[in-house]
Amino acid sequence: MLRSVADAHYMAAALALSERGRGRTGANPNVGCVIVKNGIIIGRGWTQPGGRPHAEEMALAQAGRSARGSDVYVTMEPCAHDSSRGPTCSIALIEAKPKRVIVATLDADERTRRRGIDRLGDAGIPVSVGIRELEARRAMAGFLCRIDNGRPFVTLKLAMSLDGCIALADGSSQWITGDRARAHAHMERARSDAILVGAGTARTDRPGLDVRLAGLSDRSPQPVILGNDKGKPEHWQQIAEPSGISDLSDINWLLVEGGAKTAASFLQAGLVDRLLFYRAPIIIGGGLPGIADIGLEKLSEAHGQWQRVDQRALGQDMLEIYDRAA
């Protein structure tokens, strides 16, 4: 296998591993790592719950002494700043003596950015940077958004009818979409650090906001309520307005499942990075709209804001995923 093809192949495996840590790594990025020797994967790892151990630590522990002379694929630059929580990955890699290290993207944290790869290079270990970089940045968008913007990456999820309603006029909404769409939505919950609803939704629906998928109940996100409601459930966090998400500690990925007003407030504040639209093949007519007024004054202002990145059928329902346009 050509080196460039092999590098892309093994980095794809590291990226797949990184997804296992998404929504569970606290303030740390959800990194994946694969160690390869003689065409065989001898070590693999991903960032563990709470952020430790790091992906490289796990993979090196699995590879043991065989890591010497290997190729190490890691989705983000190995850390180079000291921490009381564990060893520095760049030092651990130097001690393991791999043949080379292949990195998808540089660390956005200024404490490490380029220091990790420079340290490896100074130790005589060749480093390649940029293999599947766009995919890596997408996989770790929560961490990168928090570093760059001081807030979590926000996904707004809506389950709607074909005519854009989320409920009947009386508020009845169970169930608009089918089993497969609801299962996918619960998987999105499992991949999020926190989940937010508005105070009205919390009072009316009393949602559990947990993950109801076999084997994944322990990955239920931290519930957050938007508003000044004094009757919030115990153990829920609370913010008064959308900008308060910046104060949510150790949250990289936030899923917003609130009602029409909550959706509108986040959109109007420019705080939505990704849209999940689950569309059921039903027409309600006169029901409650999925999104309230966002203050749009000209139709031209609505264009060019979003780009569709995925679309798929989930049973009879259709899922559309949009990213905010650059």
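The structure this text deals with has already been given above.
The shown structure was predicted, so the numbers you read here are calculated from the model rather than taken from an experiment.

### Quick notes on the packing of aromatic side chains
Then comes step 1: On inspection of all chains with the given rule, the structure shows 3 aromatic pairs.
Then comes step 2: With a centroid separation of 5.5 Å and 40° between ring planes, the pair formed by Tyr-10 and Tyr-73 is classed as tilted. Taken together, the residues span a long stretch of sequence, with Tyr-10 in helix 1 (residues 3-21) and Tyr-73 in strand 3 (residues 71-76) at a distance of 63 residues. Assigned by exposure class, Tyr-10 and Tyr-73 land together as buried.
Then comes step 3: Lying over the aromatic face of Trp-46, Arg-20 brings its terminal NZ or CZ to 4.8 Å of the ring centre.
Then comes step 4: Positioned above the aromatic ring of Trp-253, the side-chain terminus of Arg-22 is 3.6 Å from the ring centre.

### Here's the deal with the packing of helix 3 (residues 89-96) against helix 4 (residues 115-122)
Then comes step 1: Two numbers describe how helix 3 lies on helix 4: the axes approach to 9 Å, and their chain directions differ by 20°. Viewed along their axes, helix 3 and helix 4 adopt a mutual orientation that is roughly parallel. Between helix 3 and helix 4 the crossing geometry is right-handed. Of the residues in helix 4, those touching helix 3 at Ser-90, Ile-91, Leu-93 and Ile-94 are Gly-116, Arg-119 and Leu-120.
Then comes step 2: Classifying every residue of the contact of helix 3 with helix 4 by side-chain character gives 4 nonpolar, 2 polar and 1 charged.

Conventions we followed
Residues numbered from 1 in each chain as written. Predicted model: local features only at pLDDT ≥ 70, side-chain atom pairs only at ≥ 80, totals over all residues. Heavy atoms only, no water. Phe/Tyr/Trp six-rings, centres within 6.5 Å; stacked < 30°, edge-to-face > 60°. Helix = DSSP H or I, 4+ residues; strand = E, 2+ residues; numbered from the N terminus. Buried < 20%, exposed > 50% of the residue type's maximum accessible area, 1.4 Å probe, protein only. Lys NZ or Arg CZ within 6 Å of the ring centre and 35° of its normal. Axes fitted to C-alpha atoms, helices over the stretch in contact; angles between N-to-C directions. Parallel < 35°, antiparallel > 145°, perpendicular 65-115°, else oblique. Left-handed = near helix turned anticlockwise from the far one by under 90°. Contact = heavy atoms within 4.5 Å. Nonpolar A, V, L, I, M, F, W, Y, C, P; charged D, E, K, R; others polar.

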